[in-house]
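# Examination of the molecular architecture
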Amino acid sequence: MPPLSTHRPPQHPWPTQAAPSSRVPPPCSPIGSGARPSGLIPAPIGCLEGGEPFDWLGRAQAPPPPVVPGREDGGGRGGGGGRSRALPGPPGRAVLRRHRRAAGAAALVEDDRDVPGRAALRGDRSPGPAAARTDVAARYEEVYRSITAREAAALGAATPREADAALHALQDASPGSLTVYVVPESSSLLPQGTNVYMGKHRSALVRAGQGLAALRARLQQLTRVMSFTASSIAAALADRVPDGQLGPDARRHLKSSLGYEITFSLLNPDPKSHDVDWDIEGAVNRYVQPVLDKLSVVANFSVDSQILYYAVLGVTPRFDKESSSFLLSAHSLPHVINPVEARLGSSAASLYPVLNFLLYVPERSHSPLYIQDKDGAPVPTNAFHSPRWGGIMIYNIEAPASPQASLPLHVDVDMVRVMEVFLAQLRLLFGISREELPPEFQVESPGNEGLADWELDRLLWAHTVENIATVATTLTSLAQLLDQISNIVIKDDVASEVYRAVASVQDAMAELAEGRLRSAFQASKEAVTSSERAFFDPSLLHLLYFPDDQKFAIYIPLFLPMAVPILLSLAKILREARQRKKEPTKMD
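Residues numbered from 1 in each chain as written. Predicted model: local features only at pLDDT ≥ 70, side-chain atom pairs only at ≥ 80, totals over all residues. Heavy atoms only, no water.

For the protein chain, the name recorded in an unreviewed UniProt entry is Phosphatidylinositol glycan anchor biosynthesis class S, with Anser cygnoides as its organism. The annotation that UniProt attaches to the protein chain under Subcellular location (unreviewed entry) is "Endoplasmic reticulum membrane". Quoted verbatim from the Pathway (unreviewed entry) field of the UniProt record, the comment on the protein chain reads "Glycolipid biosynthesis; glycosylphosphatidylinositol-anchor biosynthesis." (UniProt positions renumbered as here; feature names shortened; annotations may be inferred.)

Here is the structure:
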């Protein structure tokens, strides 16, 4: 049995200066394998209940083979409870190495290679010089042990999925932890050609063999996939890192928020020709609610729906004679959002970010309507998404067989096909996506839950780091406001919110250092709430206070014209009084 040991990864350089950017992410990206835009790389997800298999981008496909693409970097998850890695044990036995990691300062970071030494956090809420910096450090805790008898029985299952389910019932894995089981090379548990199996909970199976070097390479790659890596930190702190040090996908994810509002909209621009009926309530309960239930630990969600008539895209499609269809090119997609958003009205009275999912049924004069990617190929899903906004899917209706058919045509929307696309877009909006892995990696589908436990841990980790950075930015901006306006009045309730925010941030960092991810995330949420209450308190409205130079600039033009004659009159009175004193008194 390998000895118990710990490993501290080497420190790598990390930017020490950061400035927020007003750079807007790319407005729209088509969904499909043809375009392969940045951030939209297909990877199978499984299938919805009652529907055919689909991938992360919502494309219908044949049942996936045993080998499934996963994510190579940045697609793992952050965790406070720990990490598990395994080394081979005696022949015929599975030995695991339980790997925990925790962080000092602001957050836990990285895998064995990508570990930043220092990350700069912005100290203001608007572009300007950096006001505060936070070190981001990581430490690893690794535990080796042999499997128990019950785990050995679970590993004797017929399929990796059954083994993963059985092991999950035996584990007491805290959020952020990962347990890796190393099975013998001759084991029939993993299919032929599969050396790494990533379950949908917090465990993985790795086949031993081909030497320790090959096994270590698999373990390192597995850690990068299922852990919180350098790209994850860059995405969480994207608004505080210079543009040149980020990839094109860094600012595509939604910002951390206490809540999100999801709006499903059906756009029917031609109700005289199409009578569209969609069972949105049943689809939300069946497909969307399980995903939101799992994401409920991250934020609060509210869902609503609406039907908009005579709402057009605002872009005239091009008619293609060869296919007898209308086409929307990739460069015209950014011009679709604004005209449609003006009709939605969902974000006008919302306190939280709104995620818009639009199902557009083309009018009869522009049917069928298809989206083209940058290379001119049709997008399989016929949908695209806009980062931090939502997604649009074009739903074509088959023309009636007889031209004499009565109008309007009654259409029942296939909600399974629609929800496949919308759920894939929801994952992309939250930054839950995977890049391709070697064929020897197999990733288990999360099913109707939409994301695996380790993906949820990574999301919690990213939001915790972002919340801590947001609190530092808010409080630093508040301190700068107090420095600029010396006569501002700080009420007791505002001061208590500031103290509470600082205490909550310290608790969050302490919990991260101990590897307790859930409690760290809750503390960071409380810190954000308190800091926002203090910053936006009505008594701190800067329009209520004026700097001294502004007071002089306002009052001098008002009082100077009146003060000049008064001062001249006073001077004249003084001169006359002095002259009377000098003149001798006349005696009769």
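Alright, that's what it looks like, and here's the rest.
### A closer look at the UniProt feature "transmembrane region" (unreviewed entry) in the protein chain
Listed under "transmembrane region" (unreviewed entry) in the UniProt record, and renumbered for this structure, are residues 552–574. Structurally, residues 552–574 is divided into 100% helix and 0% strand, and its ends, taken at the C-alpha atoms, are 28 Å apart. (Helix = DSSP H or I, 4+ residues; strand = E, 2+ residues; numbered from the N terminus.)

### Some thoughts on the pairing of strand 10 (residues 203–207)
In terms of burial, strand 10 is a largely internal element, 5 of the 5 residues being buried. Here strand 10 shows two buried faces, one formed by S203, L205 and R207 and the other by A204 and V206. The pairing of strand 8 (residues 179–183) with strand 10 spans 5 bridges and is parallel. Looking across to strand 10, one finds that V180 is bridged to A204. In this structure, strand 9 (residues 196–198) lies alongside strand 10, joined through 3 bridges in antiparallel fashion. Within strand 10, the residue paired with M198 across the bridge is A204. (Buried < 20%, exposed > 50% of the residue type's maximum accessible area, 1.4 Å probe, protein only. Pairing = 2+ DSSP bridges.)

### A short note on the confidence of the model for the protein chain
For the protein chain, per-residue confidence averages 74 on the pLDDT scale, and 71% of positions sit at 70 or higher. Per-element mean pLDDT across the protein chain ranges from 30 in strand 5 (residues 119–121) up to 94 in helix 5 (residues 280–295). Here residues 1–132 is modelled with pLDDT under 50, and outside its nearest four sequence neighbours on either side it reaches 516 contacts, counting other chains as well. (pLDDT = per-residue confidence, 0-100. Contact = heavy atoms within 4.5 Å.)

### With respect to the sheet that holds strand 17 (residues 369–371)
Strand order in this open sheet of 3 strands is 14-15-17, and the pairing throughout is mixed. Bordering the open sheet on either side are strand 14 (318–320) and strand 17, each of which pairs with just one other strand. Taken over all neighbouring pairs, the strand axes of this sheet differ in orientation by 40° on average, direction set aside. Note: strand 15 (residues 325–328) against strand 17, 3 bridges, orientation parallel. Across the sheet, L327 pairs through a bridge with Y370, a residue of strand 17. (Axes fitted to C-alpha atoms, helices over the stretch in contact; angles between N-to-C directions.)

### What about the nonpolar core?
By size, the foremost hydrophobic cluster in this structure holds 63 residues, and its most contacted members are F264, L359, M419 and F430. At the level of elements, helix 4 (230–236), strand 11 (259–268), helix 5, strand 16 (354–360), helix 7 (415–429), helix 8 (453–484), helix 9 (492–514) and helix 10 (517–535) are the ones that each hand at least two residues to this core. No other element matches helix 8, which puts 10 residues into this core. Among the nonpolar cores identified, the runner-up in size contains 21 residues, and L333, L369, I371 and W389 belong to it. (Core = buried A, V, L, I, M, F, W, Y, C linked by side-chain atoms within 4.5 Å.)

### Looking at a nonpolar patch on the surface
A cluster of nonpolar side chains, I554, Y555, L558, F559, M562, I566, L567, L570 and I573, forms an exposed patch at the surface whose accessible area comes to about 920 Å². Topologically, I573 is positioned in helix 11 (residues 548–582). (Patch = residues over 30% accessible without salt bridge, like charges linked within 9 Å, V, L, I, M, F, W, Y side chains within 5 Å. Areas by Shrake-Rupley, 256 points an atom, 1.4 Å probe, with all protein chains shown as cover. Salt bridge = Lys/Arg side-chain N within 4 Å of Asp/Glu carboxyl O.)

### Some remarks on the packing of helix 5 against helix 7
Contact pair helix 5 / helix 7: the axes reach a minimum separation of 11 Å and the direction vectors enclose 35°. The two elements helix 5 and helix 7 cross, and the hand of that crossing is right-handed. Packed against helix 5, whose contacting residues are I280, A283, Y287, V288 and V291, the element helix 7 presents M415, V416, M419, L423 and L426 at the interface. Tallied by class, residues from the contact of helix 5 with helix 7 come to 10 nonpolar, no polar and no charged. (Left-handed = near helix turned anticlockwise from the far one by under 90°. Nonpolar A, V, L, I, M, F, W, Y, C, P; charged D, E, K, R; others polar.)

### Some points on a negative patch on the surface
A grouping of D275, D277, D279, E281 and D412 is seen on the molecular surface, where their side chains present a negatively charged patch. Looking at the secondary structure, you find D275 in strand 12 (residues 274–277). (Lys, Arg positive; Asp, Glu negative; His and termini not counted. Charge placed at Lys NZ, Arg CZ, Asp CG, Glu CD.)

### Some points on helix 3 (residues 211–226)
Helix length check: helix 3, at 16 residues, gives a terminal C-alpha distance of 23 Å against a target of 22 Å (1.5 Å per residue), a fit within 8%. Among all positions in helix 3, only L215, R218, L219, Q220, Q221, L222, T223, R224, V225 and M226 are buried. On its buried face, helix 3 is in contact with strand 8, strand 9, strand 10, strand 21 (441–443) and helix 8. (Expected span 1.5 Å × (residues − 1).)

### What about the packing of aromatic side chains?
Scanning the model with the defined rule gives 9 aromatic pairs in all. Between the aromatic rings of F357 and F422, the centroid separation amounts to 5.4 Å while the plane-to-plane angle is 50°, which identifies the pairing as tilted. Linking F357 in strand 16 with F422 in helix 7, this pair joins segments that are 65 residues apart in sequence. For F357, a relative accessible area of 2% gives the class buried. Ring pairs connect the aromatic residues Y260, F301 and F430, which therefore count as one cluster. (Phe/Tyr/Trp six-rings, centres within 6.5 Å; stacked < 30°, edge-to-face > 60°.)

### A closer look at unusual backbone geometry
In this chain, S367 is followed by P368 through a cis amide linkage whose omega measures -5°. Looking at the secondary structure, you find P368 in the loop between strand 16 and strand 17. Omega for the bond connecting L407 with P408 falls within 30 degrees of zero, at 0°, which places this linkage in the cis form. Following the sequence through the fold, P408 ends up in the loop between strand 19 (390–394) and strand 20 (409–412). One non-glycine residue with positive phi stands out, namely Y310, at about 60°. Structurally, Y310 can be placed in the loop between strand 13 (300–309) and strand 14. Positive phi, close to 65°, is recorded for R388, a residue that is not glycine. Here R388 lies in the loop between strand 18 (383–386) and strand 19.

### As for the side chain of N382
Following the sequence through the fold, N382 ends up in the loop between strand 17 and strand 18. Classification of N382 by relative accessible area gives buried; the value is 7%. Excluding residues within four positions of it along the chain, N382 makes contact with L369, Y370, I371, M393, I394 and N396.

### Considering helix 2 (residues 160–170)
When helix 2 is considered as a whole, its buried residues turn out to be P160, A163, D164 and L167. Along the axis of helix 2, the buried residues cluster in a sector spanning 100°; they form a single face. Opposite the packed face of helix 2, turned more than 90 degrees from it, sit the exposed residues R161 and A169. (Arc of directions from axis to C-beta.)

### Regarding the environment of S203
If you trace the backbone, S203 turns up in strand 10. Classification of S203 as buried rests on a relative accessible area of 3%. A C-alpha to C-alpha distance of 9.5 Å links S203 and D453, two positions 250 residues apart in sequence. Beyond its immediate sequence surroundings of up to four residues, S203 is in contact with D164, Q171, L178, T179, Y181, M198 and M226. Only 2.9 Å separates the side chain of S203 from the side chain of D164, close enough to count as a polar contact. (Polar contact = N/O pair within 3.5 Å; in protein donor to acceptor, adjacent residues only side chain to side chain.)

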